[in-house]
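Chain and residue survey
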Amino acid sequence: MERRISVESTQAAQSVFGSCNGHLEVIEQLLEVAIEITSQGLLLQGDEESLAKAVAVCERLLEIDRQNFPVNLQLVTYLCDTAREGNLEQVIGYTPDCVCVTAKGRPIRSKTLGQREYVQAIRQHEITFAIGPAGTGKTFLAVAMAVNAFRAREVSRIILTRPAVEAGEKLGFLPGDLQTKVDPYMRPLYDALHELMGADNYLKNLEKGLIEVSPLAYMRGRTLDEAFIILDEAQNTTPEQIKMFLTRLGFNSRAVVTGDITQIDLPADKKSGLKEAWRILQGVEGLSFVELTQRDVVRNALVQRIIRAYEKSGQRGGM
């Protein structure tokens, strides 16, 4: 069977086809079709099922280009993987969502449907839980949404917190003042703030107290009004700690809780507060749980090929 897809302009062709037709080669390889470039556009050949998937991906890429969103190899690979899994409706419904603009003017966009759902949940709920593996953008997107709210004056400050248990050390064993002790644990949050706000703007707001970085233990007894609060690595909280954190929320505030329940570093006799909250708080009004999966992990093309090679050989390692 064959299908033809018209391509409206040379610019669209360059965007969708990719450098040296690299995007088309990925579509051919992943969806098992043959694609020929003609004077009118594309000629696709393959069996009925494969052809339907490839056509859906190509048409979605052309529509994304018409909306002036960038088309890159990561997006092409993601849509092909989604189509291979039989989720054609998700391919057809996918549109990038501009989340924030960095200090250098680079737009930050959701790159998967799971990420878009996560961003929408933050916009619509006072407390959002994001649970998923590393690399899904849980922390970075939360910080982007916090910076957006801060710039729009929806909140007057950004508060970042994280349990300091990764290395099995206590804060008091580390040299320096509180900020110095917290720094190693907060590095992913700092990196995101530097990129989104710029180093100078970040430091200026930090000195004014408009950005605050505190270990989770220092949150007790506070009421946080007009703040965007992010609790990162929440899988390493105890049930008592996460309850304490959630009850700090004041008026006109928003909170995001992120974590990966497959990477719990607590002692064996301690329960994860994130897992308990997931069990207890389902259905509470004003609160949302978003579960991100391996399909929402943003990786470069080489890593994607490595993962597929391991899956093909049946050797599935934890990532």
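The structure contained in this document is the topic of the report that follows. In this text the structure is predicted, and so the values were computed from the model without any measurement. (Residues numbered from 1 in each chain as written. Predicted model: local features only at pLDDT ≥ 70, side-chain atom pairs only at ≥ 80, totals over all residues. Heavy atoms only, no water.)

Positionally, Glu 195 belongs in helix H8 (residues 178-197). Spatially, the C-alpha atom of Glu 195 lies 8.2 Å from that of Lys 104, the residues being 91 residues apart in sequence. The contact partners of Glu 195, leaving out residues within four places of it in the chain, are Thr 102, Ala 103, Arg 106, Ile 108 and Phe 140. (Helix = DSSP H or I, 4+ residues; strand = E, 2+ residues; numbered from the N terminus. Contact = heavy atoms within 4.5 Å.)

As enumerated under the stated definition, the model contains 0 disulfides in all. The thiol of Cys 58 is not disulfide-bonded; the next cysteine sulfur, from Cys 80, is found 7.7 Å away. (Disulfide = S-S within 2.5 Å.)

Our next topic: unusual backbone geometry. Keep in mind that most residues, glycine aside, have a negative phi and that most peptide bonds are trans. A positive phi angle, near 60°, is found at Arg 153, a position not held by glycine. Within the fold, Arg 153 resides in the loop between helix H7 (138-151) and strand S7 (157-162).

Our next topic: the sheet that holds strand S2 (residues 34-37). Read across the sheet, 3 strands follow the order S1-S3-S2 without closing on themselves; strand pairing throughout is antiparallel. Two strands lie at the open edges of the sheet, namely strand S1 (2-6) and S2, each paired on one side alone. For this sheet the average axis-to-axis angle between neighbouring strands, irrespective of direction, equals 20°. Relative to strand S3 (residues 41-45), S2 runs antiparallel, the two being bridged by 4 bridges. Paired with Ala 34 across the two strands is Gln 45, which belongs to S3. The sheet strands contacting helix H3 (residues 48-66) are S1 and S3, and the helix crosses S1 at an angle near 5°. (Pairing = 2+ DSSP bridges. Axes fitted to C-alpha atoms, helices over the stretch in contact; angles between N-to-C directions.)

Before going further, it helps to examine the sheet that holds strand S10 (residues 254-259). Spatially, the 6 strands line up as an open sheet ordered S8-S7-S9-S10-S6-S11, and their pairing is parallel. A single partner strand is all that each edge strand has here, and the edge strands are strand S8 (211-215) and strand S11 (287-291). This sheet shows a mean twist of 15° between the axes of neighbouring strands, independent of strand direction. Pairing analysis gives 5 bridges linking S7 to S8, with the strands arranged parallel. Directly across from Ile 158, in S8, lies its bridge partner Ile 211. Where helix H6 (residues 113-124) meets the sheet, it contacts strand S6 (127-131), strand S9 (227-231), S10 and S11, and its direction lies at approximately 150° from that of S10. Lying over the sheet, helix H11 (residues 273-280) contacts S6, S10 and S11, oriented at roughly 120° with respect to S6.

The next subject is the side chain of Asn 205. Residue position: Asn 205 is located in helix H9 (residues 199-207). Setting aside its immediate chain neighbours within four residues, Asn 205 contacts Phe 150, Met 197, Leu 210 and Ile 211.

Let us now look at the pattern of salt bridges. On inspection of all chains with the given rule, the structure shows 9 salt bridges. The partner of Arg 84 in a salt bridge is Asp 81, with the nearest N and O atoms 3.1 Å apart. Taken together, the positions of Arg 84 and Asp 81, both in helix H4 (residues 73-84) and 3 residues apart, correspond to about one turn of that helix. Relative accessible area serves as the criterion here: at 37%, Arg 84 is assigned to the partly exposed category. (Salt bridge = Lys/Arg side-chain N within 4 Å of Asp/Glu carboxyl O. Buried < 20%, exposed > 50% of the residue type's maximum accessible area, 1.4 Å probe, protein only.)

A few words now on the packing of H6 against H7. Put simply, H6 and H7 touch, their axes get as near as 11 Å, and they point 40° apart. When the axis of H6 is compared with that of H7, the two are oblique. When you trace H6 past H7, the crossing you get is right-handed. From H6, Gln 115, Tyr 118, Val 119, Ile 122 and Arg 123 reach across to H7, where they touch Lys 138, Leu 141, Ala 142 and Met 145. Partitioned by chemical class, the residues of the contact of H6 with H7 number 6 nonpolar, 1 polar and 2 charged. (Parallel < 35°, antiparallel > 145°, perpendicular 65-115°, else oblique. Left-handed = near helix turned anticlockwise from the far one by under 90°. Nonpolar A, V, L, I, M, F, W, Y, C, P; charged D, E, K, R; others polar.)

Taken together, the buried positions of helix H1 (residues 10-17) are Ala 12, Ala 13, Ser 15, Val 16 and Phe 17. Two or three places before Ala 12, at the opening of H1, Ser 9 has a side-chain oxygen 3.1 Å from that residue's backbone nitrogen. Once H1 finishes, Gly 18 follows within two positions and takes phi at roughly 85°, a positive value. (Polar contact = N/O pair within 3.5 Å; in protein donor to acceptor, adjacent residues only side chain to side chain.)

Right, let's talk about the pairing of S10 for a bit. The element S10 is extensively covered by neighbouring structure, given that 5 of its 6 residues are classed as buried. Bridge count for S6 against S10 is 5 bridges, and the pairing is parallel. Directly across from Phe 129, in S10, lies its bridge partner Val 257. Looking at chain direction, S9 and S10 are connected through 4 bridges and run parallel. Directly across from Ile 229, in S10, lies its bridge partner Ala 255. Each parallel crossover has a hand, and the one from S9 via helix H10 (residues 239-246) to S10 is right-handed. (Right-handed = clockwise from strand over helix to strand, strands pointing away.)

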